[in-house]
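Read off the chains here:
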Amino acid sequence: MANLHRIQVVDSHTGGEPTRVVISGGPDLGTGPLSERVQRLSSQFDPFRSAVVNEPRGSDVLVGALLVAPHAPDCDFGVIFFNNVGPLGMCGHGTIGLMITLAHLGRVRPGTHRIDTPVGPVSATLHPDGKVSVANVASYRQQASVSVEVPGIGVVLGDVAWGGNWFFLVRSPVWELSIQNVETLTDVSWRIRQAVNAQGFPEVDHVELFGPPGCGGHSRNFVLCPGKAYDRSPCGTGTSAKLACLAADEILAPGQVWIQEGILGSSFQGEYQWEDRARGRVLPVVTGTAHVTAEATLLLMDEDPFQWGIRPGDTR
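Just so we're clear, the structure is a prediction, and the values are computed from it rather than from any experiment. Within any chain, residue numbers begin from 1 and follow the written order of that chain's sequence. In view of the model being predicted, local features appear only for residues whose pLDDT reaches at least 70, and side-chain atom pairs are presented and counted only at 80 or more, with totals across whole chains, interfaces and linings using the full set of residues. Water and hydrogen atoms play no part in the side-chain values, which are based on all heavy atoms of the structure.

Engineer: Can you tell me about empty space enclosed by the protein, naming the residues and giving the values?
Structural biologist: Only protein atoms enter the 1 Å grid used here, on which a cavity is any set of points holding a 1.4 Å probe that cannot leave and a pocket is any open set flanked by protein within 12 Å on both sides along at least five of seven lines; residues with an atom within 4 Å of a point are listed as lining. Grid points are joined across faces, edges and corners, and a volume is the space filled by probe spheres set on the points. Overall, the coordinates contain one cavity of 30 Å³ or more when judged by the stated rule. Estimated volume of the largest cavity: approximately 160 Å³. What lines the largest cavity is a set of 22 residues, among which Val 63, Leu 88, His 206, Cys 225 and Asp 231 lie closest to the centre. Labels follow the DSSP assignment, with helices taken as runs of H or I lasting at least four residues and strands as runs of E lasting at least two, numbered in each case from the N terminus. Taken together, the elements giving at least two residues each to the lining of the largest cavity come down to helix H3 (92-104) and helix H5 (236-248). In this classification, the charged set is Asp, Glu, Lys and Arg, the nonpolar set is Ala, Val, Leu, Ile, Met, Phe, Trp, Tyr, Cys and Pro, and all remaining amino acids, among them Gly, are polar. Considering only residue class, the lining of the largest cavity consists of 10 nonpolar, nine polar and three charged.

In structure tokens:
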């Protein structure tokens, strides 16, 4: 069997959203800041990313997490997250899944651990009850009440905000946020993203719709990720962006808890403290749970026509 390559992974889900942690078999990205190493992953090793998360070994919804040595001296380990179309700056649900995976492997114990990411270090606290609290990077609203004309929909009003990834958080109109309505929500969100990008916000790659809660939270969301897959969880970086908007609007006070439901009804608990009130920058903390679902060895063989996954534009 020519050139068999093995990749050890552990799968988990956080509120229904899957994470695949690469334990061994990943590429050597060298040293230096993770912001540089993630660029190497994209430019030199993108087939590896595709092989791990895309079909036939994965799916569009799967998020990968490559464990790497940290660059920041105060960090215990580093991680680079990626999905079906490319790398992610940060991933809240993925960080929760990562911590539960490392606990499952006996590599971390309850307590606080520092994690290096391409957008800066974060802290993750593994609680004795199995919950994980992620102290995310500083989050902020870049622009409020942006009015966008969306073809086939009309005028949509929303905020552009950063929570470790760039989001357009829709204020109005409000759609029915139910799992039965996912196809419509996906189409609507994709149209909104294209219109937002065309209007001068090309960095926005996540769209977040909001509606009334259904399971005792404060609101429910639907988040469309960059590769057109929807987030099954309430989205950790999306919740961070939401907290920044709530803080800017003086709807939520520092230390006050916000329960954010996802489209499946699973929830994250969010709160924040001000980092720089004058600049609207908050330090969000998002708490949730994850569950390990599998330990596996991915096999990459030269004779496999889809050794590197099924990518857009592939033809055989």
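Engineer: Now, about the pattern of salt bridges: what can you tell me, with residues and values included?
Structural biologist: Salt bridges are counted wherever a side-chain nitrogen of Lys or Arg sits within 4 Å of a carboxyl oxygen of Asp or Glu. Enumeration over the complete set of coordinates arrives at 14 salt bridges. The partner of Asp 46 in a salt bridge is Arg 49, and the shortest N-O contact between them spans 2.6 Å. Here Asp 46 and its partner Arg 49 are both found in helix H2 (residues 46-53), three residues apart, which amounts to about one turn of the helix. Classification of residues uses two cut-offs on accessible area relative to the type maximum, computed with a 1.4 Å probe and protein chains only: under 20% is buried, over 50% is exposed, and between them is partly exposed. Given the relative accessible area of 4%, Arg 49 is considered buried. The residue Arg 220 makes a salt bridge to Glu 261 at a minimum N-O spacing of 3.1 Å. Remark: Glu 261 occurs in strand E14 (residues 258-261) and Arg 220 occurs in strand E13 (residues 219-224); sequence separation between them is 41 residues. Per residue, the accessibility class of Arg 220 equals that of Glu 261, and both read buried. Residues participating in the shared-partner salt-bridge network are Arg 141, Asp 159, Arg 171 and Asp 249.

Engineer: An account of the side chain of Arg 220 is requested, with residue identities and associated values reported.
Structural biologist: By relative accessible area, Arg 220 is classed as buried at 12%. Between N or O atoms, a polar contact is any pair within 3.5 Å; within protein, one atom must be a potential hydrogen donor and the other a potential acceptor, and residues adjacent in sequence are included only when both atoms are from side chains. A polar atom in the side chain of Arg 220 sits 3.5 Å from the backbone oxygen of Gly 262.

Engineer: Summarise the packing of aromatic side chains; cite the residues concerned and give the values.
Structural biologist: The pairing test for Phe, Tyr and Trp rings, Trp by its six-membered ring, is centres within 6.5 Å, and the orientation test on the planes gives stacked under 30 degrees, edge-to-face over 60, and tilted for anything in between. Summed over the entire model, instances satisfying the criterion amount to five aromatic pairs. Geometrically, the ring pair formed by Trp 162 and Trp 166 is tilted, given 5.4 Å between the ring centres and 55° between the ring planes. Look at Trp 162 and you get buried, because its relative accessible area is 16%. An aromatic cluster is defined as three or more aromatic residues linked by ring pairs; in this entry it consists of Tyr 140, Trp 162 and Trp 166. Distance and angle both matter: a charge sits over a ring if NZ of Lys or CZ of Arg is within 6 Å of the ring centre and within 35 degrees of the ring normal. Directly above the ring of Tyr 230 sits Arg 232, whose terminal nitrogen or CZ lies 3.8 Å from the centroid. Stacked on the ring of Phe 210, the Lys or Arg Lys 242 has its end atom at 3.9 Å from the ring centre.

Engineer: Outline the environment of Gly 238, listing residues and values.
Structural biologist: Residue placement: Gly 238 occurs in helix H5. Given a relative accessible area of 0%, Gly 238 falls into the buried group. Distance in space between the C-alpha atoms of Gly 238 and His 206 is 8.2 Å, their sequence separation being 32 residues. Contact criterion: two residues are considered in contact whenever any of their non-hydrogen atoms come within 4.5 Å of each other. Contact partners of Gly 238, with chain neighbours within four places excluded, come to Phe 167, Leu 169 and Glu 208.

Engineer: So what's going on with the nonpolar core? Which residues, and what values?
Structural biologist: Among the buried residues, those of types Ala, Val, Leu, Ile, Met, Phe, Trp, Tyr and Cys that are joined through side-chain atoms within 4.5 Å form a nonpolar core. If you look at the biggest cluster of nonpolar residues, it comprises 50 residues, and the most contacted ones within it are Phe 168, Ile 192, Leu 209 and Phe 222. Top element by residues in this core is helix H4 (residues 182-198). It accounts for six residues. Beyond its immediate stretch of four places on either side in the chain, Leu 209 contacts Val 170, Trp 175, Leu 177, Leu 185, Ser 189, Ile 192, Arg 220, Asn 221 and Phe 222. Counting residues in hydrophobic clusters, the runner-up holds 18 residues, among them Leu 29, Val 38, Ile 80 and Leu 300.

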